[in-house]
Amino acid sequence: MALRNISHLIFGLMTLNQGAITYSHRLSSPLHKDTNGLITGTTETITLNSASDSGVVILDYGHVVEGIPIFDVISVEGDTSVFEITYAESLTALDSYMSDGPLVLAAAMDTYRVNRYSIAKLGTISNRLIQGSFRYQKLNLSSSGTLVLQNVGARSTVDTTPIAELPGSFQSSDNRLNAIWNAGARTIQMTEIPKGSVPNFVEVTSEGTWFESLAPQAQGSAAAAQLLRYDLMFSVKVAAGGFGFLVLSDTLNSGIYIACDIDRGTITAHAGTTSINDVIQTTNLPLNLTMGLGKWHSVQASVAITDIIVTIDGVEVMSISQQIRLFGSYGFGASFGHRAIFRNLSVVTPAGEELYSHPLTDPSFLPDFFMGLNPLDTIVDGSRRDRVAYAGDLDISGGAALASTHGLKYFLGSLELLGSYQVTTGFFIPTAKIQQEPLPNPLNVNITGLIGYSFNILTAAATLYMHTGDAAFAREWGPKAQKMLDWADSQTLENGLFNLSDVSFGGDWNYYDPPQAGVVTKFNVVYAYALQECLTLLEDGGIDIAVYKERLSELRHAIDSQLWSDGLQAYYLSESISDGFGQDSNALAILAGVNLDPAHSTQTILSTLSKDLMTAAGPLAFSSGVVESGFQRGISPFASAYHLRAALDSKNGTSALELLNTLWLPMVDESNANYTGTMWEYVDAEGRPGLGITTSLCHGWSAGPTAELSKYVLGVMPTRPGWVEFRIAPLTLGLKAAEGKVPTIKGSIYVKWDFDERGLLSVVVDAPGGTRGTIYLPEPLLVPAASSTFEINLVAQNETSFEITGGVRLELKQKQSTSSMRLPETKTLLA
């Protein structure tokens with residue numbers, strides 16, 4: 001389906017006409033936002049009439065927004081009882097009735113991307129729950145009346161400060177590079193969730209708790225997650241369609257979903273969370289069971305590992321045996337279009353010992369199922385999917401937040417939440433729902449997943465400490481890092497390499513690929529990187545770092561001497577897959593200083609990554625040898641963020657530009673059919689969203705360029721915690737100019753550098769009082785330093801680095817010697 005290019009600042013209104021999309025009108029005004037955060041595409045009226053071509057209207061906001069949907073009904077004629085609004089990040093998703101939903105992993109937003117209404121009167125209609133990021137709304141009146149609406153939109157629950165007004169900024173002589181920075185900043189805005197902004201997931205009354213078109217949320221205790229045998233009992237009254245419940249569920253609500261449909265007279269079991277998931281068994285309700293709307297019924301599910309028996313009002317209605325889920329928790333829900341009220345929940349052992357009970361007539365049970373308000377400011381991985389906090393994502397999104405929104409409270413809140421889920425042995429649980437309260441004590445379990453994330457959270461904490469210099473933070477997180485690093489050391493073999501003995505720990509960001517165990521290069525280099533980055537945090541937390549320096553040195557040597565492949569010219573993936581390599585593991589090897597042998601140089605590795613991984617759509621995450629072992633052939637902006645950092649840190653502008661040009665630039669191209677104004681989670685080898693319509697098109701882990709462009713092109717980064725000391729060392733990337741602000745806890749550092757028509761450099765720096773720094777000449781200069789002189793605040797200098805005193809503006813001017821006055825050539829940044 002073809003779509004004309006729409007400016008991301010222009011609202012488009014489209015109608016469906018015989019399957020083709022046409023514009024009925026198009027306004028050249030920006031999206032409308034009132035002082036209360038209401039975002040609408042237009043203040044004009046929208047008329048819907050199913051008897052004409054205007055029965056379906058698609059609103060295009062130009063870029064993604066989010067919030068609690070709202071609209072005004074200003075005229076109703078005839079039958080308007082069947083009205084739906086569908087939400088989508090991409091236009092393609094609207095081809096599916098369920099769009100890019102359902103979204104079942106957490107209760108932080110509406111489960112379904114389709115909302116149904118029966119309109120009977122005039123007035124304002126507002127949803128209870130949030131719709132995560134959407135660019136498009138499809139309005140569909142299928143009953144035979146006429147409906148006139150106004151102010152169709154959403155009341156935003158996240159900050160909507162214009163990008164140009166954020167604490168951090170970046171502007172260069174290339175607007176395409178600016179667009180990449182801005183899209184990352186917008187992604188961060190959309191994924192910073194203020195505390196208390198997520199409404200209660202369900203309606204709790206004195207009669208019971210209502211579920212309407214909502215996926216069940218599992219009871220979240222560690223004990224419930226490990227249950228093997230239990231009896232689940234409750235009362236339910238159906239108002240529409242039927243009811244559902246979940247047993248044997250994991251922490252992200254995937255288990256065995258039982259859906260009872262009174263209208264159809266059936267009960268079905270599904271592998272997953274909703275009735276859309278794969279059917280395990282379908283059974284007709286028995287003839288001797290009388291069920292109807294508006295009547296209370298007693299339900300019991302007896303769970304015994306593989307076997308589940310369901311009874312309603314004492315009548316057995318289903319008996320199944322399955323091998324899909326063998327242990328887990330329980331929860332309640334209602335399939336799409338269904339509405340039911342629950343009360344008197346009781347969970348007992350087969351012997352009758354109470355495990356959990358609640359009348360469900362007051363909201364005190366909501367925290368047990370993570371269905372209440374969110375207690376902390378947090379950064380989630382995606383605005384639409386998943387609205388969950390992940391330890392690994394934070395290592396990228398946290399840095400981007402500090403550079404743009406300066407979302408310090410969100411970074412701190414995320415670390416407070418995720419950091420509380422450290423287990424007694426040292427590693428971390430990789431994910432937490434944002435409705436969870438931080439745990440008061442470490443978890444006494446010996447299980448986790450995505451083990452790389454336990455190292456990522458340490459580097460995230462180290463980044464935050466360098467930003468704040470908060471001594472209390474160092475005293476809290478130094479011991480946390482020590483415990484994790486000591487656990488990693490306990491898993492080290494005699495040959496000095498980290499060995500992962502439990503394959504269940506061995507997943508990573510690419511959860512869909514085979515998990516790795518044994519000696520895995522990624523886990524070794526991310527361990528080395530965490531050791532390196534945490535040394536200051538450990539020392540300022542009162543920990544003797546001598547042993548950690550020694551471990552880092554030994555680990556570097558062990559990796560470099562044992563995991564390098566001369567044939568690949570890279571560090572191979574793992575001991576079980578030695579004929580291929582990973583992008584992120586080799587980028588991290590550079591960042592962690594692992595490549596000690598001159599034959600394993602940074603430029604050699606970057607050349608290998610370019611030669612063997614690069615496609616027109618960006619760098620593949622794994623080489624062909626790994627793909628042949630069953631890994632997906634796709635492109636990860638998360639892995640590429642480390643690749644970009646390694647390229648910039650090693651001053652390899654060619655590699656950095658290749659990454660920016662092929663991967664991130666197409667995402668910010670407004671003519672791209674999947675343009676959202678934000679960064680995508682994953683990309684396939686053809687440059688499309690890599691997980692189909694389920695791909696998150698607003699994903700914080702993809703915002704790496706926002707942090708890296710500020711650190712390396714503006715060139716600003718701290719050298720002592722709290723920005724007491726900093727350095728400025730711009731990498732010019734062939735630009736003519738760049739300027740921006742880098743937020744710090746002491747105020748913003750403003751940097752502007754540019755080359756005049758003769759190629760001579762000018763730099764302006766304003767730093768806050770109480771800081772001091774060093775500025776180094778940008779690289780590469782257009783006119784060599786050897787044939788130049790420099791002035792600092794009109795005073796001639798004979799150096800190539802200069803001291804900065806906070807509170808005193810520094811102005812640097814390059815003067816060219818008369819013997820070498822030749823106009824230099826400049827390069828175009830992005831092809």
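Note that this is a predicted model, so its numbers are computed, not measured.

A.B. asks: Help me out: how do you make sense of the pairing of strand S44 (residues 810-816) in this one?
C.D. replies: Within a regular strand, side chains alternate between the sheet's two faces. The two faces of S44 differ: Leu810, Leu812, Gln814 and Gln816 on one face are buried, but Glu811, Lys813 and Lys815 on the other face are not. Note that strand S39 (residues 761-766) and S44 share four bridges and pair antiparallel. Across the sheet, Val764 pairs through a bridge with Glu811, a residue of S44. With five bridges connecting them, strand S41 (residues 788-792) and S44 associate as antiparallel partners.

A.B. asks: Explanation requested: the sheet that holds strand S42 (residues 795-797) in the structure shown.
C.D. replies: Strand order across the open sheet formed by seven strands is S12-S37-S38-S39-S44-S41-S42, with antiparallel pairing between neighbours. At either margin of the open sheet sits one strand with a lone partner, and together these are strand S12 (171-172) and S42.

A.B. asks: In this structure, what is going on with the sheet that holds strand S43 (residues 801-805)? I would like to understand it.
C.D. replies: Whether parallel or antiparallel, the strands of a sheet pair through hydrogen bonds between backbone atoms. Ordered in space as S35-S36-S40-S43, the four strands form an open sheet in which the pairing is mixed. Two strands in the sheet have a free side with no partner beyond their single neighbour: strand S35 (716-718) and S43. Shown here is a sheet whose adjacent strand axes are inclined to one another by a mean of 25 degrees, direction ignored. Two strands pair when backbone bridges link them, and strand S40 (residues 772-776) and S43 are joined in this way by five bridges, in the antiparallel orientation. Within S43, the residue paired with Tyr776 across the bridge is Ser801.

A.B. asks: Can you help me understand a nonpolar patch on the surface in this one?
C.D. replies: A grouping of Leu228, Leu326 and Phe327 is seen on the molecular surface, where their side chains present a nonpolar patch of about 240 Å² in accessible area. Topologically, Leu228 is positioned in the loop between helix H2 (222-225) and strand S16 (229-240). Looking at Leu228, the relative accessible area reads 40%, which means it is partly exposed.

A.B. asks: Teacher, can you tell me more about the packing of helix H9 (residues 583-591) against helix H10 (residues 602-613) here?
C.D. replies: Two measures define how a pair of helices packs: the angle their axes make with one another and the distance between the axes. At a minimum axis distance of 10 Å, the contact between H9 and H10 shows a crossing angle of 165 degrees. Between H9 and H10, the crossing angle belongs to the class labelled roughly antiparallel. Remark: the crossing between H9 and H10 carries left-handed chirality. Taken together, the residues of H10 that come into contact with H9 (itself represented by Gln583, Asn586 and Ile590) are Thr602, Ile605, Leu606, Leu609 and Leu613. Its residues assigned to classes, the contact of H9 with H10 shows five nonpolar, three polar and no charged.

A.B. asks: Explain the pattern of salt bridges here, please?
C.D. replies: Side-chain pairing between opposite charges can occur once the charged atoms of the two side chains come close. Scanning the model with the defined rule gives 29 salt bridges in all. Arg688 is the partner of Asp684 in a salt bridge, and the nearest nitrogen-oxygen pair spans 2.9 Å. With a closest N to O distance of 2.6 Å, Asp766 and Arg809 form a salt bridge. Of this pair, Asp766 sits in strand S39 while Arg809 sits in the loop between S43 and S44; the two residues are 43 residues apart in sequence, bridging distant segments of the chain. By relative accessible area, which is 24% here, Asp766 ends up partly exposed. With a relative accessible area of 41%, Arg809 lands in the partly exposed category. Because the salt bridges share partners, they merge into one network encompassing Glu89, Asp100, Arg113 and Arg384.

A.B. asks: What is the right way to read unusual backbone geometry from this model?
C.D. replies: With the exception of glycine, most residues fall at negative phi, and the peptide bonds are largely trans. Of note, the amide linkage connecting Gly101 to Pro102 takes the cis form, showing an omega dihedral of 0 degrees. Turning to its location among the elements, Pro102 is positioned in the loop between strand S7 (83-88) and strand S8 (114-117). A cis geometry characterises the amide bond from Glu779 onward to Pro780, with omega recorded as -10 degrees. Unlike most non-glycine residues, Asn151 shows phi in positive territory, near 55 degrees. Counting through the fold element by element, Asn151 comes out in strand S11 (residues 146-155). One non-glycine residue with positive phi stands out, namely Ile305, at about 60 degrees. Within the secondary structure layout, Ile305 lies in the loop between strand S21 (296-304) and strand S22 (307-312). Residue Ile305 is classed as partly exposed on the basis of its relative accessible area of 22%.

A.B. asks: So what exactly am I meant to see when it comes to the side chain of Ser397 here?
C.D. replies: Along the polypeptide, Ser397 turns up in helix H3 (residues 394-403). Accessibility expressed as a relative area gives 2% for Ser397, which makes it buried. Dropping the residues within four chain positions of it, Ser397 is found in contact with Ile188, Ile379 and Gly700.

A.B. asks: What exactly am I supposed to notice about the packing of aromatic side chains here?
C.D. replies: By convention here, two paired aromatic rings are described through the distance between centres and the angle between planes. Under the definition given, this model contains 38 aromatic pairs. Each ring, one from Trp753 and one from Phe755, has its centre 5.8 Å from the other, and the planes form 65 degrees; the classification is edge-to-face. One exposure class covers both Trp753 and Phe755, and it is buried. Among the aromatic residues, those joined into a ring-pair cluster are Phe211, Tyr230, Phe234, Phe243, Phe245, Tyr330, Phe332, Phe342, Tyr356, Phe365 and Phe369. Directly above the ring of Phe327 sits Arg325, whose terminal nitrogen or CZ lies 5.1 Å from the centroid. We note Arg343 situated over the ring of Trp296; from NZ or CZ to the ring centre the distance is 3.6 Å.

A.B. asks: Just to check I follow, could you spell out the environment of Pro689 for this structure?
C.D. replies: Inspection of the secondary structure assignment puts Pro689 in the loop between strand S34 (683-684) and helix H14 (704-713). On the accessibility criterion, Pro689 (14% relative accessible area) is buried. Along the backbone, Pro689 and Ser346 are 343 residues apart, and their C-alpha atoms lie at a distance of 44 Å. Excluding its chain neighbours within four sequence positions, the residues that come into contact with Pro689 are Asn674, Trp680, Tyr682, Asp684, Thr695 and Leu697.

Quick notes on the rules
Residues numbered from 1 in each chain as written. Predicted model: local features only at pLDDT ≥ 70, side-chain atom pairs only at ≥ 80, totals over all residues. Heavy atoms only, no water. Buried < 20%, exposed > 50% of the residue type's maximum accessible area, 1.4 Å probe, protein only. Helix = DSSP H or I, 4+ residues; strand = E, 2+ residues; numbered from the N terminus. Pairing = 2+ DSSP bridges. Axes fitted to C-alpha atoms, helices over the stretch in contact; angles between N-to-C directions. Patch = residues over 30% accessible without salt bridge, like charges linked within 9 Å, V, L, I, M, F, W, Y side chains within 5 Å. Areas by Shrake-Rupley, 256 points an atom, 1.4 Å probe, with all protein chains shown as cover. Salt bridge = Lys/Arg side-chain N within 4 Å of Asp/Glu carboxyl O. Parallel < 35°, antiparallel > 145°, perpendicular 65-115°, else oblique. Left-handed = near helix turned anticlockwise from the far one by under 90°. Contact = heavy atoms within 4.5 Å. Nonpolar A, V, L, I, M, F, W, Y, C, P; charged D, E, K, R; others polar. Phe/Tyr/Trp six-rings, centres within 6.5 Å; stacked < 30°, edge-to-face > 60°. Lys NZ or Arg CZ within 6 Å of the ring centre and 35° of its normal.

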